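Each chain, written out:
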2 protein chains.
Amino acid sequence: MTDHRPLTRNQALVLETLTACEEPLSAYAILDRLRGEGFRAPLQVYRALDKLLQTGLVHRLDSLKAFVACAHPHEHGGEATVAFAICENCARVWEFSDSTIEDRFEAWAKAENFLTRATTIEISGLCAACREAGAPGEPGQPGERGA
Amino acid sequence: MTDHRPLTRNQALVLETLTACEEPLSAYAILDRLRGEGFRAPLQVYRALDKLLQTGLVHRLDSLKAFVACAHPHEHGGEATVAFAICENCARVWEFSDSTIEDRFEAWAKAENFLTRATTIEISGLCAACREAGAPGEPGQPGERGA
DNA sequence: AACTCCGATGTTATATCATTACACTAATTG
DNA sequence: CAATTAGTGTAATGATATAACATCGGAGTT
(Lines give C-alpha, C1' and ligand atoms only; values in the text may rest on other atoms or scores of the structure.)
Protein backbone atom coordinates (compact mmCIF):
# COMPACT_ATOMS: atom_id res chain seq x y z
CA MET A 1 0.00 0.00 0.00
CA THR A 2 2.52 2.60 1.09
CA ASP A 3 4.75 2.79 -1.94
CA HIS A 4 8.28 3.54 -0.90
CA ARG A 5 9.79 5.39 -3.78
CA PRO A 6 12.41 7.85 -2.63
CA LEU A 7 11.42 11.37 -1.79
CA THR A 8 11.84 14.04 -4.40
CA ARG A 9 13.70 17.23 -3.67
CA ASN A 10 10.55 19.17 -2.88
CA GLN A 11 9.17 16.44 -0.70
CA ALA A 12 12.45 16.12 1.17
CA LEU A 13 12.67 19.87 1.72
CA VAL A 14 9.16 20.05 3.11
CA LEU A 15 9.77 17.08 5.38
CA GLU A 16 13.05 18.55 6.62
CA THR A 17 11.35 21.82 7.36
CA LEU A 18 8.71 20.11 9.45
CA THR A 19 11.18 17.83 11.18
CA ALA A 20 13.38 20.76 12.10
CA CYS A 21 10.48 22.62 13.65
CA GLU A 22 9.11 21.83 17.08
CA GLU A 23 5.70 23.20 16.24
CA PRO A 24 3.19 22.46 13.53
CA LEU A 25 3.53 24.69 10.49
CA SER A 26 0.89 25.89 8.09
CA ALA A 27 1.47 25.27 4.42
CA TYR A 28 2.18 28.94 3.89
CA ALA A 29 4.64 28.99 6.76
CA ILE A 30 6.47 26.12 5.11
CA LEU A 31 6.41 28.01 1.85
CA ASP A 32 7.99 31.04 3.45
CA ARG A 33 10.77 28.96 4.94
CA LEU A 34 11.53 27.41 1.59
CA ARG A 35 11.61 30.51 -0.56
CA GLY A 36 15.37 30.46 -0.22
CA GLU A 37 15.30 27.03 -1.85
CA GLY A 38 13.37 28.31 -4.81
CA PHE A 39 9.81 27.69 -3.66
CA ARG A 40 7.43 30.24 -5.06
CA ALA A 41 3.87 28.92 -4.93
CA PRO A 42 1.64 27.19 -2.38
CA LEU A 43 1.07 24.27 -4.68
CA GLN A 44 4.68 23.25 -4.44
CA VAL A 45 4.13 22.78 -0.73
CA TYR A 46 0.69 21.23 -0.95
CA ARG A 47 1.81 18.69 -3.52
CA ALA A 48 4.76 17.62 -1.43
CA LEU A 49 2.52 17.45 1.61
CA ASP A 50 0.02 15.26 -0.22
CA LYS A 51 2.67 12.70 -0.81
CA LEU A 52 4.08 12.88 2.69
CA LEU A 53 0.61 12.52 4.15
CA GLN A 54 -0.07 9.47 2.02
CA THR A 55 3.09 7.77 3.17
CA GLY A 56 2.44 8.68 6.79
CA LEU A 57 5.58 10.78 7.19
CA VAL A 58 3.53 13.84 7.97
CA HIS A 59 0.24 14.41 9.76
CA ARG A 60 -2.23 17.19 9.27
CA LEU A 61 -3.78 18.67 12.40
CA ASP A 62 -7.25 19.71 11.37
CA SER A 63 -7.82 21.78 14.45
CA LEU A 64 -4.79 23.93 13.62
CA LYS A 65 -4.87 23.69 9.84
CA ALA A 66 -1.23 22.83 10.14
CA PHE A 67 1.19 20.00 9.55
CA VAL A 68 3.70 18.10 11.66
CA ALA A 69 6.33 15.51 10.90
CA CYS A 70 5.31 12.14 12.25
CA ALA A 71 7.00 11.38 15.53
CA HIS A 72 7.13 7.65 14.86
CA PRO A 73 7.43 7.28 11.12
CA HIS A 74 8.87 3.78 11.31
CA GLU A 75 6.20 2.34 13.56
CA HIS A 76 3.18 2.70 11.37
CA GLY A 77 2.97 2.74 7.64
CA GLY A 78 0.20 5.25 7.90
CA GLU A 79 -2.13 2.56 9.21
CA ALA A 80 -2.51 2.92 12.94
CA THR A 81 -4.84 5.28 14.72
CA VAL A 82 -2.93 8.04 16.43
CA ALA A 83 -4.06 10.71 18.83
CA PHE A 84 -2.49 14.13 19.12
CA ALA A 85 -2.31 16.33 22.16
CA ILE A 86 -1.63 19.93 21.29
CA CYS A 87 -0.53 22.57 23.77
CA GLU A 88 -2.43 25.77 23.15
CA ASN A 89 0.35 27.78 24.74
CA CYS A 90 3.60 26.42 23.30
CA ALA A 91 2.04 24.64 20.30
CA ARG A 92 4.03 21.50 20.87
CA VAL A 93 2.43 18.22 19.89
CA TRP A 94 2.43 14.81 21.55
CA GLU A 95 1.55 11.82 19.48
CA PHE A 96 0.29 8.67 21.10
CA SER A 97 -1.87 5.66 20.48
CA ASP A 98 -3.91 3.44 22.73
CA SER A 99 -5.12 0.03 21.71
CA THR A 100 -8.06 0.18 24.11
CA ILE A 101 -9.31 3.30 22.41
CA GLU A 102 -8.88 1.70 19.03
CA ASP A 103 -10.79 -1.32 20.22
CA ARG A 104 -13.68 0.80 21.39
CA PHE A 105 -13.93 2.58 18.09
CA GLU A 106 -13.81 -0.71 16.28
CA ALA A 107 -16.56 -2.03 18.51
CA TRP A 108 -18.74 0.95 17.74
CA ALA A 109 -18.07 0.62 14.02
CA LYS A 110 -18.88 -3.07 14.08
CA ALA A 111 -22.12 -2.50 15.96
CA GLU A 112 -23.18 0.19 13.50
CA ASN A 113 -21.78 -1.60 10.46
CA PHE A 114 -19.71 1.49 9.73
CA LEU A 115 -16.63 1.06 7.57
CA THR A 116 -13.90 3.19 9.11
CA ARG A 117 -11.46 4.82 6.74
CA ALA A 118 -9.69 7.40 8.86
CA THR A 119 -9.80 8.49 12.47
CA THR A 120 -8.83 11.93 13.67
CA ILE A 121 -8.22 12.54 17.36
CA GLU A 122 -6.93 15.88 18.59
CA ILE A 123 -6.80 17.04 22.18
CA SER A 124 -6.19 20.70 22.90
CA GLY A 125 -5.04 21.95 26.23
CA LEU A 126 -1.97 22.84 28.21
CA CYS A 127 1.13 20.71 28.46
CA ALA A 128 2.85 20.03 31.76
CA ALA A 129 5.57 22.61 31.25
CA CYS A 130 3.13 25.36 30.36
CA ARG A 131 0.92 24.53 33.32
CA GLU A 132 3.88 24.85 35.66
CA ALA A 133 4.83 28.14 34.08
CA GLY A 134 1.36 29.45 34.77
CA ALA A 135 0.34 29.74 31.17
CA PRO A 136 -2.98 31.45 30.45
CA GLY A 137 -5.90 29.14 30.79
CA GLU A 138 -4.76 27.42 33.91
CA PRO A 139 -7.48 27.96 36.51
CA GLY A 140 -6.41 29.23 39.88
CA GLN A 141 -3.33 30.88 38.47
CA PRO A 142 -2.95 34.48 39.59
CA GLY A 143 -2.58 37.48 37.41
CA GLU A 144 -4.60 36.43 34.41
CA ARG A 145 -7.95 37.47 33.01
CA GLY A 146 -8.88 39.01 36.34
CA ALA A 147 -11.60 41.39 35.15
CA MET B 1 -20.42 28.28 32.45
CA THR B 2 -22.97 27.82 29.70
CA ASP B 3 -24.97 31.01 30.05
CA HIS B 4 -28.52 30.40 28.98
CA ARG B 5 -29.73 33.67 27.66
CA PRO B 6 -32.26 33.19 24.89
CA LEU B 7 -31.10 32.95 21.33
CA THR B 8 -31.17 36.05 19.20
CA ARG B 9 -32.86 36.09 15.85
CA ASN B 10 -29.64 35.42 13.94
CA GLN B 11 -28.61 32.64 16.26
CA ALA B 12 -32.02 31.02 16.04
CA LEU B 13 -32.02 31.20 12.25
CA VAL B 14 -28.61 29.59 11.99
CA LEU B 15 -29.58 26.86 14.42
CA GLU B 16 -32.83 26.18 12.57
CA THR B 17 -30.97 25.94 9.31
CA LEU B 18 -28.60 23.36 10.72
CA THR B 19 -31.34 21.43 12.49
CA ALA B 20 -33.38 21.24 9.32
CA CYS B 21 -30.48 19.82 7.38
CA GLU B 22 -29.39 16.22 7.56
CA GLU B 23 -25.86 17.03 6.56
CA PRO B 24 -23.22 19.35 7.94
CA LEU B 25 -23.20 22.77 6.32
CA SER B 26 -20.32 25.13 5.76
CA ALA B 27 -20.68 28.67 7.04
CA TYR B 28 -21.08 29.91 3.50
CA ALA B 29 -23.75 27.33 2.75
CA ILE B 30 -25.64 28.56 5.79
CA LEU B 31 -25.21 32.11 4.57
CA ASP B 32 -26.70 31.24 1.20
CA ARG B 33 -29.72 29.62 2.81
CA LEU B 34 -30.34 32.67 4.95
CA ARG B 35 -30.04 35.37 2.31
CA GLY B 36 -33.82 35.35 2.10
CA GLU B 37 -33.88 36.27 5.79
CA GLY B 38 -31.65 39.25 5.21
CA PHE B 39 -28.24 37.72 5.79
CA ARG B 40 -25.58 39.39 3.70
CA ALA B 41 -22.14 38.73 5.15
CA PRO B 42 -20.21 35.71 6.47
CA LEU B 43 -19.71 37.39 9.81
CA GLN B 44 -23.39 37.23 10.56
CA VAL B 45 -23.14 33.48 10.32
CA TYR B 46 -19.81 33.12 12.07
CA ARG B 47 -20.91 35.23 14.99
CA ALA B 48 -24.08 33.22 15.48
CA LEU B 49 -22.06 30.03 15.17
CA ASP B 50 -19.60 31.22 17.81
CA LYS B 51 -22.39 31.53 20.30
CA LEU B 52 -24.01 28.24 19.35
CA LEU B 53 -20.67 26.46 19.61
CA GLN B 54 -20.08 27.95 23.05
CA THR B 55 -23.41 26.73 24.32
CA GLY B 56 -22.97 23.31 22.76
CA LEU B 57 -25.97 23.55 20.47
CA VAL B 58 -23.77 23.20 17.43
CA HIS B 59 -20.56 21.32 16.70
CA ARG B 60 -17.88 22.11 14.21
CA LEU B 61 -16.46 19.21 12.22
CA ASP B 62 -12.87 20.15 11.59
CA SER B 63 -12.35 17.49 9.00
CA LEU B 64 -15.17 18.93 6.90
CA LYS B 65 -14.85 22.58 7.86
CA ALA B 66 -18.57 22.40 8.44
CA PHE B 67 -21.11 22.64 11.21
CA VAL B 68 -23.90 20.41 12.53
CA ALA B 69 -26.64 20.87 15.07
CA CYS B 70 -25.93 18.84 18.18
CA ALA B 71 -27.89 15.61 18.21
CA HIS B 72 -28.22 15.59 21.99
CA PRO B 73 -28.28 19.22 23.04
CA HIS B 74 -29.97 18.51 26.35
CA GLU B 75 -27.54 15.84 27.48
CA HIS B 76 -24.38 17.84 27.68
CA GLY B 77 -23.91 21.49 28.33
CA GLY B 78 -20.95 21.46 26.01
CA GLU B 79 -18.96 19.47 28.53
CA ALA B 80 -18.83 15.85 27.48
CA THR B 81 -16.46 14.37 24.94
CA VAL B 82 -18.28 13.35 21.82
CA ALA B 83 -17.12 11.40 18.81
CA PHE B 84 -18.48 11.88 15.32
CA ALA B 85 -18.70 9.31 12.58
CA ILE B 86 -19.07 10.90 9.17
CA CYS B 87 -20.15 9.05 6.06
CA GLU B 88 -18.01 10.11 3.13
CA ASN B 89 -20.75 9.13 0.73
CA CYS B 90 -23.98 10.54 2.15
CA ALA B 91 -22.36 13.03 4.54
CA ARG B 92 -24.60 12.05 7.41
CA VAL B 93 -23.14 12.25 10.90
CA TRP B 94 -23.48 9.99 13.92
CA GLU B 95 -22.68 11.40 17.30
CA PHE B 96 -21.74 9.11 20.13
CA SER B 97 -19.75 9.01 23.31
CA ASP B 98 -17.98 6.25 25.16
CA SER B 99 -16.95 6.52 28.76
CA THR B 100 -14.14 4.01 28.32
CA ILE B 101 -12.59 6.17 25.64
CA GLU B 102 -12.94 9.21 27.83
CA ASP B 103 -11.31 7.34 30.67
CA ARG B 104 -8.35 6.40 28.53
CA PHE B 105 -7.81 9.96 27.43
CA GLU B 106 -8.06 11.13 30.98
CA ALA B 107 -5.53 8.52 32.02
CA TRP B 108 -3.11 9.70 29.36
CA ALA B 109 -3.61 13.31 30.36
CA LYS B 110 -3.06 12.51 34.01
CA ALA B 111 0.10 10.57 33.28
CA GLU B 112 1.48 13.42 31.18
CA ASN B 113 0.11 16.14 33.44
CA PHE B 114 -1.69 17.58 30.44
CA LEU B 115 -4.69 19.82 31.09
CA THR B 116 -7.33 18.88 28.54
CA ARG B 117 -9.53 21.67 27.26
CA ALA B 118 -11.21 20.18 24.21
CA THR B 119 -11.19 16.84 22.50
CA THR B 120 -12.00 16.36 18.84
CA ILE B 121 -12.77 12.90 17.51
CA GLU B 122 -13.89 12.40 13.94
CA ILE B 123 -14.17 9.12 12.11
CA SER B 124 -14.57 9.14 8.36
CA GLY B 125 -15.85 6.19 6.43
CA LEU B 126 -18.97 4.64 5.01
CA CYS B 127 -22.22 4.23 6.89
CA ALA B 128 -24.17 0.98 6.85
CA ALA B 129 -26.69 2.15 4.27
CA CYS B 130 -24.03 3.37 1.87
CA ARG B 131 -22.06 0.15 2.23
CA GLU B 132 -25.11 -1.86 1.31
CA ALA B 133 -25.77 0.38 -1.63
CA GLY B 134 -22.28 -0.30 -2.92
CA ALA B 135 -21.00 3.19 -2.44
CA PRO B 136 -17.55 3.95 -3.80
CA GLY B 137 -14.82 2.98 -1.44
CA GLU B 138 -16.27 -0.32 -0.42
CA PRO B 139 -13.71 -2.96 -1.36
CA GLY B 140 -14.92 -5.94 -3.30
CA GLN B 141 -17.80 -4.06 -4.76
CA PRO B 142 -18.15 -4.46 -8.52
CA GLY B 143 -18.23 -1.73 -11.09
CA GLU B 144 -16.05 0.84 -9.40
CA ARG B 145 -12.57 2.11 -10.05
CA GLY B 146 -11.84 -0.88 -12.22
CA ALA B 147 -8.88 0.53 -14.14
C1' DA C 1 -34.96 60.25 31.99
C1' DA C 2 -30.02 60.21 31.23
C1' DC C 3 -25.93 57.25 31.82
C1' DT C 4 -23.26 53.29 31.29
C1' DC C 5 -22.21 48.74 30.15
C1' DC C 6 -22.33 44.93 27.29
C1' DG C 7 -23.71 41.84 23.77
C1' DA C 8 -25.31 41.76 19.29
C1' DT C 9 -25.59 43.67 14.58
C1' DG C 10 -24.33 45.44 9.73
C1' DT C 11 -20.86 46.43 6.46
C1' DT C 12 -16.51 46.62 4.09
C1' DA C 13 -12.26 44.96 3.52
C1' DT C 14 -8.81 41.65 4.18
C1' DA C 15 -6.39 37.56 5.82
C1' DT C 16 -5.65 32.69 5.51
C1' DC C 17 -6.04 28.11 3.60
C1' DA C 18 -6.49 25.18 -0.53
C1' DT C 19 -7.40 23.85 -5.41
C1' DT C 20 -8.08 24.14 -10.65
C1' DA C 21 -6.12 24.49 -15.02
C1' DC C 22 -2.49 24.27 -18.16
C1' DA C 23 2.06 23.64 -19.99
C1' DC C 24 6.08 21.23 -19.30
C1' DT C 25 10.00 17.78 -17.54
C1' DA C 26 11.98 13.39 -16.18
C1' DA C 27 12.12 8.56 -15.32
C1' DT C 28 10.07 4.00 -16.56
C1' DT C 29 8.67 0.58 -19.45
C1' DG C 30 6.55 -1.74 -23.42
C1' DC D 1 10.95 5.53 -29.68
C1' DA D 2 6.03 5.92 -28.03
C1' DA D 3 3.23 5.62 -24.06
C1' DT D 4 2.72 6.07 -19.33
C1' DT D 5 3.18 8.00 -14.86
C1' DA D 6 4.78 11.08 -11.21
C1' DG D 7 6.46 15.34 -10.46
C1' DT D 8 7.22 20.48 -11.41
C1' DG D 9 6.27 25.64 -12.20
C1' DT D 10 3.08 29.30 -12.71
C1' DA D 11 -1.06 32.02 -12.65
C1' DA D 12 -5.52 32.40 -11.33
C1' DT D 13 -9.20 31.36 -8.46
C1' DG D 14 -12.02 29.31 -4.88
C1' DA D 15 -13.23 28.49 -0.05
C1' DT D 16 -12.89 29.51 4.75
C1' DA D 17 -12.38 32.87 8.44
C1' DT D 18 -11.35 37.27 10.81
C1' DA D 19 -10.23 42.46 11.62
C1' DA D 20 -11.85 46.94 12.11
C1' DC D 21 -15.29 50.29 12.75
C1' DA D 22 -19.78 52.28 13.46
C1' DT D 23 -24.20 51.49 15.41
C1' DC D 24 -28.09 49.62 18.05
C1' DG D 25 -30.71 48.05 22.05
C1' DG D 26 -31.60 46.03 26.49
C1' DA D 27 -30.36 45.82 31.69
C1' DG D 28 -28.99 47.97 35.59
C1' DT D 29 -27.95 51.92 37.58
C1' DT D 30 -28.23 56.91 39.51
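This one's a predicted model, so the numbers in the text were calculated from it and none came from an experiment. (Residues numbered from 1 in each chain as written. Chains lettered and ligands numbered in written order. Predicted model: local features only at pLDDT ≥ 70, side-chain atom pairs only at ≥ 80, totals over all residues. Heavy atoms only, no water.)

Our next topic: the sheet that holds strand β4 (residues 93–96) of chain A. Sheet architecture is open: 6 strands sit in the order β4(A)-β3(A)-β5(A)-β5(B)-β3(B)-β4(B), paired in mixed fashion. Of all strands in the sheet, those bounded by a partner on one side alone are β4 of chain A together with β4 (93–96) of chain B. Going across the sheet, the axis of each strand differs from the next one's by a mean of 20°, ignoring polarity. Strand direction decides the pairing type here: strand β3 (residues 83–87) of chain A and β4(A), joined by 4 bridges, are antiparallel. (Pairing = 2+ DSSP bridges. Helix = DSSP H or I, 4+ residues; strand = E, 2+ residues; numbered from the N terminus. Axes fitted to C-alpha atoms, helices over the stretch in contact; angles between N-to-C directions.)

Right, let's talk about the relation of the copies chain B and chain A for a bit. Here two copies of a chain appear, and what relates them is a rotation about an axis with a shift along it. If you rotate chain B by 180° and push it 0.1 Å along the axis, it lands on chain A with an RMSD of 0.1 Å. Taken together, the rotation and translation relating the two chain copies correspond to the operation of a two-fold axis. In terms of proximity to the rotation axis, the leading residue of chain B is I121(B), whose C-alpha is 2.3 Å off the axis. Most of the interface of chain B is mirrored in chain A: 97% of its interface residues are interface residues there too. (Least-squares fit on C-alpha atoms with pLDDT ≥ 70 in both. Contact = heavy atoms within 4.5 Å.)

Neighbouring DNA strand C are 16 residues, the closest being Y28(A), L43(A), R60(A), Q44(B) and R47(B). Across the atoms of DNA strand C situated within 4 Å of the protein, the share located in sugar and phosphate is 45%. Taking Y46(A), its side chain carries an N or O atom lying 3.1 Å from a phosphate oxygen of DNA strand C. Counting residues per element, the surface near DNA strand C draws most heavily on helix α3 (residues 42–54) of chain B, at 4 residues. (Near = heavy atom within 4 Å. Polar contact = N/O pair within 3.5 Å; in protein donor to acceptor, adjacent residues only side chain to side chain.)

The next subject is helix α3 (residues 42–54) of chain A. All names here are of chain A. Over its 13 residues, α3 extends 18 Å from the first C-alpha to the last, a length consistent with the 18 Å expected when each residue adds 1.5 Å. Taken residue by residue, α3 has V45, A48, L49, K51 and L52 as its buried positions. Taken down its axis, α3 places every buried residue within 160° of arc, on the same side. In α3, those exposed residues whose orientation departs by more than 90 degrees from the buried face are R47 and Q54. Taken from the residues just after α3, G56 is the one with a positive phi, measuring 80°. (Expected span 1.5 Å × (residues − 1). Buried < 20%, exposed > 50% of the residue type's maximum accessible area, 1.4 Å probe, protein only. Arc of directions from axis to C-beta.)

The next subject is the pattern of salt bridges. All names here are of chain B. In this structure the tally under the stated criterion is 12 salt bridges over all chains. With a shortest N-O distance of 3.2 Å, D32 and R35 are connected by a salt bridge. One salt bridge in this structure joins R60 and D62, with 2.8 Å as the shortest N-O distance. Assessed through its relative accessible area of 12%, D62 is described here as buried. (Salt bridge = Lys/Arg side-chain N within 4 Å of Asp/Glu carboxyl O.)

Turning next to the interface of chain B and chain A. Taken residue by residue, the interface counts 39 residues in chain B and 39 residues in chain A. Taken together, the two surfaces of chain B and chain A that pack against each other cover about 3,400 Å², and 60% of this comes from carbon and sulfur. Contact with chain A buries area across many residues of chain B, yet W108(B), F114(B) and L115(B) alone supply 19% of it, more than any other trio. Our count for the contact surface shared by chain B and chain A stands at 4 salt bridges. E88(B) is the partner of R117(A) in a salt bridge, and the nearest nitrogen-oxygen pair spans 2.5 Å. For the pair chain B and chain A, the number of links is 15 residue pairs in polar contact (both at pLDDT 80 or more). Counting residues per element, the ones that place at least two in the side of chain B that touches chain A are β3 (83–87), β4, α4 (99–112), β5 (115–126) and α5 (128–132) of chain B. Of all the elements, β5(B) adds the most residues to the side of chain B that touches chain A, at 12 residues. When its residues are assigned to classes, the side of chain B that touches chain A shows 19 nonpolar, 9 polar and 11 charged. The sheet contact formed by strand β5 (residues 115–126) of chain A and β5(B) spans 11 bridges and is antiparallel. (Buried area = accessible area lost by both parts, 1.4 Å probe. Nonpolar A, V, L, I, M, F, W, Y, C, P; charged D, E, K, R; others polar.)

By themselves, these figures tell us nothing about what the structure is for.
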